[in-house]
Amino acid sequence: MPLGVLARLPLAVARAVLKALCGRLGALCWSLTPLSLSLPLPGWRWISAPSPAAPAGPRRERELDDASPTPVSVNYHFTRQCNYKCGFCFHTAKTSFVLPLEEAKRGLAMLKEAGMEKINFSGGEPFLQDRGEFVGKLVQFCKQELKLPSVSIVSNGSLIRERWFKKYGEYLDILAISCDSFNEDVNVLIGRGQGKKNHVENLHKLRQWCREYAVAFKINSVINRFNVEEDMNEQIKALNPVRWKVFQCLLIEGENSGEDALREAEKFVISDEDFERFLDRHKYVSCLVPESNQKMRDSYLILDEYMRFLNCRNGRKEPSKSILDVGIEAAIKFSGFDEKMFLKRGGKYVWSKADMKLDW
């Protein structure tokens, strides 16, 4: 078949024709010197034929150029607004924008179609928007309509009420509460002070609600200059979370560092050696999941309030175009997401509460 005719065929038909032709030409190709065949099929590359010394039989390998990563696990920061002022926050309140609920659902459905298995709702503080109803409706949609294996929320916990669990708890797999210290004075220094309320006491209350409403309980801690010497062994063991995520304080230009930043996190930064000493002090805590700056920077798929992927590879959060405008595949290419690092840091784990077999 002339190549001009082949080029005018629909892509699926052209591939089928090529496959048949390659089968017939296999024997001939083996007798020729190695060559590369270039055909007008966008995005496909044919690899040179093996040398005559290779094992007998035609071998063809094809691969997608610039293959897009699969959005298996996505962190959707749907709001930047927060009632806390944590000094090291690296997703600050630079806008007050929140997508309309139906637009957010449309984007989540697109992500599910592209391969998403886990969604994590974050902020800002997710429970600020409509007193938790907005995130509750998204959680219910993702579990009930999209049937995602895992739906989780990261919150500071200060605005969560038991009535929310009664209404939406069955649709939530994991609730992660940020707690950087078990010393209330340190929490105040960091920016997690609640006035007359006690952050640590509230943490225990939330832990109990998670037990009662069958939600897996997780703790996130950012290790910084104010808590790096703290011993949290006994408190973490008493709370017994499914995971204790321990992050090294991270600088992001334009968010918590630099002239146009809303925070000045430089005074919170610790060295790699300091972080390792903290980890060593807590090495016998079985649920500990450490994340250094190196592991963190490129191993998360982050969507901002406009549903744009944020690329952190250059130490800033550089946004793609919105997935609502250009689709998942076009936007995700600019995410800077490193799938290998995602797997290496343990990003894929047993994340559905149905599979955790916990003693609620």
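Along every chain, residues carry numbers that run from 1 in the direction the sequence is written. In keeping with the model being predicted, local features are shown solely for residues with a pLDDT of at least 70 and side-chain atom pairs are shown and tallied solely at 80 or more, while totals for entire chains, interfaces and linings include all residues. Side-chain numbers come from the whole structure's heavy atoms, not from hydrogens or water.

A few words now on the pattern of salt bridges. Think of a salt bridge as a Lys or Arg side-chain nitrogen and an Asp or Glu carboxyl oxygen that are within 4 Å of each other. A full pass over the atoms with the stated rule returns 13 salt bridges. Ionic pairing is found between arginine 80 and glutamate 305, a salt bridge with its closest N-O pair at 3.2 Å. Of this pair, arginine 80 sits in the loop between strand S3 (73–77) and helix H3 (101–113) while glutamate 305 sits in the loop between strand S10 (302–303) and strand S11 (308–311), and the two are 225 residues apart along the sequence. Note on accessibility: arginine 80 and glutamate 305 belong to one class, buried. The salt bridge partner of glutamate 133 is lysine 167, with a shortest N-O separation of 3.0 Å. Of this pair, glutamate 133 sits in helix H4 (residues 133–145) while lysine 167 sits in helix H5 (residues 162–168); the two residues are 34 residues apart in sequence, bridging distant segments of the chain. Exposure is judged per residue with a 1.4 Å probe applied to protein chains only, and the accessible area is read against the type maximum: over 50% gives exposed, under 20% gives buried, and values in between give partly exposed. What makes lysine 167 partly exposed here is its relative accessible area of 46%. Runs of H or I in DSSP of at least four residues are treated as helices and runs of E of at least two as strands, each being numbered from the N terminus.

Aromatic rings from Phe, Tyr and Trp, taking only the six-membered ring of Trp, are treated as a pair when their centres fall within 6.5 Å; an angle between ring planes under 30 degrees marks them as stacked, one over 60 as edge-to-face, and anything in between as tilted. Counted according to the given criterion, the structure contains 15 aromatic pairs. Across from the ring centre of phenylalanine 226, 4.7 Å away, lies the NZ or CZ of arginine 225, which sits over that ring. Across the ring face of tyrosine 349, the terminal group of arginine 243 is positioned such that the distance to the ring centre comes to 3.6 Å. Any Lys NZ or Arg CZ that is within 6 Å of a ring centre and within 35 degrees of that ring's normal is treated as a charge sitting over the ring.

Take the environment of serine 73 next. You can see serine 73 is positioned in strand S3. Here the alpha-carbon distance between serine 73 and isoleucine 302, two residues 229 residues apart in the chain, equals 9.3 Å. Note on contacts: a residue pair is in contact if any heavy atoms of the two residues lie within 4.5 Å. The contacts of serine 73, once residues within four sequence positions are left out, are Lys118, Leu301, Phe342 and Trp351.

The subject of this paragraph is the pairing of strand S4 (residues 118–122). Burial runs high along S4: five of the five residues are buried. Here S4 shows two buried faces, one formed by Lys118, Asn120 and Ser122 and the other by Ile119 and Phe121. Strands pair, by our definition, only if DSSP identifies at least two bridges between them. As paired strands, S3 and S4 are joined by five bridges and run parallel to one another. Residue pairing in the sheet places asparagine 75 in a bridge with asparagine 120 of S4. Here four bridges tie S4 to strand S5 (residues 150–155), and the two strands are oriented parallel to one another. Bridge pairing in S5 places lysine 118 opposite serine 150.

As a further point, take a negative patch on the surface. The residues that make up patches have over 30% relative accessible area and no salt bridge, and they are joined within 9 Å when like-charged or within 5 Å when they are Val, Leu, Ile, Met, Phe, Trp or Tyr. Per-residue accessibility takes into account occlusion by the displayed protein chains alone, with areas from the Shrake-Rupley method and a 1.4 Å probe. When charges are tallied, Lys and Arg are placed among the positive residues and Asp and Glu among the negative ones, while His and the ends of the chain are skipped. Charge positions are represented by NZ for Lys, CZ for Arg, CG for Asp and CD for Glu. The grouping of Glu253, Glu259, Glu264 and Glu266 at the surface amounts to a negative patch. Position of glutamate 253 relative to the elements: it lies in the loop between strand S8 (243–248) and helix H9 (272–281).

Next up on the list: the side chain of asparagine 293. With respect to the element layout, asparagine 293 can be found in helix H10 (residues 293–297). Owing to a relative accessible area of 18%, asparagine 293 belongs among the buried residues under this scheme. N or O atoms within 3.5 Å of each other form a polar contact, as long as, within protein, one can give a hydrogen and the other can take it, and as long as residues adjacent in sequence are counted only when both atoms are side-chain atoms. Side-chain polar atoms of asparagine 293 contact the backbone oxygen of cysteine 249, separated by 3.4 Å. Apart from the residues lying within four places of it in its own chain, the contact partners of asparagine 293 are Gln248, Cys249 and Leu250.

On to the confidence of the model for the protein chain, then. The predictor reports its confidence for every residue as pLDDT, a score running from 0 up to 100. When pLDDT is averaged across the protein chain, the result is 83; 80% of the residues are at 70 or more. Note on residues 16–65: pLDDT under 50 across the span, and 44 contacts to partners over four residues away in sequence or across chains.

Counting 66 residues, the largest nonpolar core has Tyr76, Leu108, Ile119, Phe121 and Trp244 as its most contacted members. Tallying contributions element by element places H4 first for this core, with six residues. If sequence neighbours within four positions are ignored, isoleucine 119 has contacts with Val74, Tyr76, Leu108, Cys142, Leu148, Ser150, Val151 and Ser152. Here, nonpolar core refers to any group of buried Ala, Val, Leu, Ile, Met, Phe, Trp, Tyr and Cys residues whose side-chain atoms link them within 4.5 Å. One finds Cys86, Ile190, Ala265 and Leu310 within the second-largest nonpolar core, a separate group that totals 14 residues.

Our next topic: H3. With 13 residues, H3 should cover 18 Å at 1.5 Å per step; its first-to-last C-alpha distance of 19 Å lies within 8% of that length. All of the buried residues in H3 are Leu101, Ala104, Lys105, Gly107, Leu108 and Leu111. One side of H3 holds all its buried residues, which, seen down the axis, span an arc of 160 degrees. The exposed set on the far side of H3, more than 90 degrees from its buried face, consists of Glu102 and Glu113. Note on H3: the residue one or two positions beyond its end, glycine 115, has a positive phi of about 120 degrees. What a helix should span is 1.5 Å times the count of its residues minus one. Comment: arc refers to directions from the helix axis out to C-beta atoms.

Mapping aspartate 180 onto the fold places it in the loop between strand S6 (174–178) and helix H6 (184–190). Residue classification places aspartate 180 among the buried positions, given a relative accessible area of 0%. In this structure, the C-alpha to C-alpha distance between aspartate 180 and isoleucine 223, residues 43 residues apart in sequence, is 6.9 Å. In this structure the side chain of aspartate 180 is engaged in a polar contact, spanning 2.5 Å, whose partner is the side chain of arginine 192.

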